[in-house]
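# Architecture at a glance
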Amino acid sequence: LEQYAALTKGSTIRVTDGRRVYDLDVLEVKAKEPKAGKVVRDDSRGRAVDTTYTELVVDFHSPKDQEKPKPRATKAEEPAVAETERKAKDEEAP
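Residues numbered from 1 in each chain as written. Predicted model: local features only at pLDDT ≥ 70, side-chain atom pairs only at ≥ 80, totals over all residues. Heavy atoms only, no water.

## Here we look at the overall build of the chain
Where we set the bar: A run of H or I in DSSP counts as a helix once it spans at least four residues, and a run of E counts as a strand once it spans at least two, with each numbered from the N terminus. Residues count as neighbours in contact if any of their non-hydrogen atoms are within 4.5 Å of one another. The method behind every accessible area is Shrake-Rupley, applied with a 1.4 Å probe, and residues are considered shielded solely by the protein chains displayed.
Scanning the chain for helices and strands turns up one helix and four strands. Considering only residue pairs separated by 6 or more positions, the chain has 35% of its internal contacts joining residues 24 or more positions apart. Summed over all atoms, the accessible surface of the chain reaches about 9,600 Å², with 51% contributed by carbon and sulfur.

## Some words on the side chain of Thr51
The condition that has to hold: Throughout, exposure labels follow a simple rule: accessible area from a 1.4 Å probe, protein chains only, divided by the maximum for the residue type, with under 20% read as buried, over 50% as exposed, and the rest as partly exposed. Each polar contact in these results corresponds to two N or O atoms within 3.5 Å; when the atoms are within protein, one needs to be able to donate a hydrogen and the other to accept it, and residues that are neighboring in sequence are counted only if both atoms are side-chain atoms.
Position of Thr51 among the secondary structure elements: in the loop between strand E4 (48-50) and helix H1 (78-92). In this structure Thr51 comes out as buried when scored by relative accessible area, which is 14%. A polar atom in the side chain of Thr51 sits 2.5 Å from the backbone oxygen of Tyr4. The contacts of Thr51, once residues within four sequence positions are left out, are Tyr4, Ala5, Ala6, Leu7 and Leu56.

## Let's talk about the pairing of strand E2 (residues 12-16)
In plain terms, the rule: When DSSP finds at least two bridges between two strands, those strands are taken to pair.
In this sheet, strand E3 (residues 21-25) lies alongside E2 in antiparallel orientation, the contact comprising five bridges. In the sheet register, Thr12 faces E3, and the bridge partner there is Asp25.

## Concerning the pattern of salt bridges
To keep things clear, this is the line we draw: Each reported salt bridge corresponds to a side-chain nitrogen of Lys or Arg within 4 Å of a carboxyl oxygen of Asp or Glu.
Scanning the entire structure with this criterion turns up one salt bridge. For Asp23, the salt bridge goes to Arg14, with nearest N and O atoms at 2.7 Å.

## Re the environment of Asp50
Mapped onto the elements of the fold, Asp50 is located in strand E4. C-alpha of Asp50 to C-alpha of Ala31: the two residues are 19 residues apart in sequence and 9.0 Å apart in space. Residues contacting Asp50, with those up to four places away along its chain left out, are Ala5 and Ala6. One polar contact links Asp50 to Thr52, side chain to side chain, over a distance of 2.8 Å.

## Some details on the environment of Asp59
Mapped onto the elements, Asp59 comes out in the loop between E4 and H1. In this structure the C-alpha to C-alpha distance between Asp59 and Glu28, which are 31 residues apart in sequence, comes to 9.8 Å.

## A word on a nonpolar patch on the surface
The criterion, for reference: In this analysis, a patch consists of residues with relative accessible area above 30% that form no salt bridge, clustered at 9 Å for like charges and at 5 Å for the nonpolar side chains Val, Leu, Ile, Met, Phe, Trp and Tyr.
Judged by side-chain polarity, Leu56, Val58 and Phe60 come together as a nonpolar surface patch covering roughly 320 Å² of accessible area. When you line up the elements, Phe60 lands in the loop between E4 and H1.

Here's what the structure looks like:
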(Lines give C-alpha, C1' and ligand atoms only; values in the text may rest on other atoms or scores of the structure.)
Protein backbone atom coordinates (compact mmCIF):
# COMPACT_ATOMS: atom_id res chain seq x y z
CA LEU A 1 0.00 0.00 0.00
CA GLU A 2 3.05 2.23 -0.10
CA GLN A 3 1.96 3.86 -3.37
CA TYR A 4 -1.34 5.04 -1.87
CA ALA A 5 -1.20 8.25 0.15
CA ALA A 6 -4.90 8.04 1.00
CA LEU A 7 -7.78 5.60 0.91
CA THR A 8 -11.27 6.74 0.02
CA LYS A 9 -14.50 4.89 0.72
CA GLY A 10 -15.84 3.45 -2.54
CA SER A 11 -12.50 3.33 -4.36
CA THR A 12 -10.71 0.22 -5.64
CA ILE A 13 -7.00 -0.29 -5.14
CA ARG A 14 -4.75 -2.84 -6.83
CA VAL A 15 -2.16 -4.80 -4.85
CA THR A 16 0.12 -7.66 -5.85
CA ASP A 17 2.08 -10.34 -4.05
CA GLY A 18 4.56 -10.65 -6.92
CA ARG A 19 2.61 -13.34 -8.78
CA ARG A 20 -1.05 -12.43 -8.48
CA VAL A 21 -2.86 -9.12 -8.74
CA TYR A 22 -5.74 -8.36 -6.40
CA ASP A 23 -8.32 -5.58 -6.77
CA LEU A 24 -9.53 -4.50 -3.33
CA ASP A 25 -12.65 -2.39 -2.84
CA VAL A 26 -12.51 0.09 0.04
CA LEU A 27 -15.85 -0.46 1.79
CA GLU A 28 -15.30 1.62 4.91
CA VAL A 29 -12.73 3.97 6.40
CA LYS A 30 -12.52 4.94 10.06
CA ALA A 31 -10.13 7.40 11.58
CA LYS A 32 -8.96 7.14 15.13
CA GLU A 33 -10.92 9.38 17.49
CA PRO A 34 -8.97 12.58 18.24
CA LYS A 35 -7.74 13.19 21.76
CA ALA A 36 -10.05 15.16 24.02
CA GLY A 37 -9.91 18.87 23.30
CA LYS A 38 -8.03 18.43 20.02
CA VAL A 39 -9.77 19.73 16.90
CA VAL A 40 -9.03 17.83 13.68
CA ARG A 41 -10.03 19.18 10.27
CA ASP A 42 -11.72 16.57 8.05
CA ASP A 43 -12.77 17.89 4.65
CA SER A 44 -13.77 14.38 3.51
CA ARG A 45 -16.47 14.10 6.20
CA GLY A 46 -15.16 10.67 7.21
CA ARG A 47 -14.95 9.20 3.68
CA ALA A 48 -11.13 9.23 3.36
CA VAL A 49 -8.05 8.58 5.46
CA ASP A 50 -4.45 9.67 5.04
CA THR A 51 -2.20 6.58 5.01
CA THR A 52 1.20 8.27 5.26
CA TYR A 53 3.02 7.39 8.47
CA THR A 54 0.11 5.37 9.78
CA GLU A 55 -0.51 1.89 11.04
CA LEU A 56 -3.47 0.36 9.24
CA VAL A 57 -5.85 -2.24 10.60
CA VAL A 58 -7.79 -4.04 7.87
CA ASP A 59 -10.61 -6.57 7.68
CA PHE A 60 -11.39 -8.56 4.55
CA HIS A 61 -14.80 -9.66 3.29
CA SER A 62 -15.35 -12.67 1.04
CA PRO A 63 -14.39 -12.03 -2.59
CA LYS A 64 -17.24 -11.02 -4.88
CA ASP A 65 -16.29 -13.73 -7.38
CA GLN A 66 -15.98 -16.53 -4.82
CA GLU A 67 -18.43 -19.38 -5.32
CA LYS A 68 -20.45 -20.24 -2.25
CA PRO A 69 -19.96 -23.81 -1.04
CA LYS A 70 -22.89 -26.18 -1.49
CA PRO A 71 -24.62 -27.03 1.80
CA ARG A 72 -23.62 -30.41 3.14
CA ALA A 73 -26.03 -32.92 4.59
CA THR A 74 -26.06 -33.30 8.35
CA LYS A 75 -25.38 -36.70 9.96
CA ALA A 76 -29.13 -37.22 10.46
CA GLU A 77 -29.87 -36.43 6.78
CA GLU A 78 -27.07 -38.57 5.28
CA PRO A 79 -29.03 -41.88 5.11
CA ALA A 80 -32.03 -40.18 3.50
CA VAL A 81 -29.83 -38.35 0.98
CA ALA A 82 -27.97 -41.57 0.13
CA GLU A 83 -31.28 -43.43 -0.35
CA THR A 84 -32.64 -40.67 -2.61
CA GLU A 85 -29.47 -40.72 -4.70
CA ARG A 86 -29.59 -44.53 -4.97
CA LYS A 87 -33.22 -44.45 -6.14
CA ALA A 88 -32.40 -41.77 -8.74
CA LYS A 89 -29.56 -43.93 -10.11
CA ASP A 90 -31.82 -47.02 -10.18
CA GLU A 91 -34.44 -45.11 -12.18
CA GLU A 92 -31.80 -44.02 -14.71
CA ALA A 93 -30.48 -47.56 -15.22
CA PRO A 94 -31.95 -49.52 -18.20
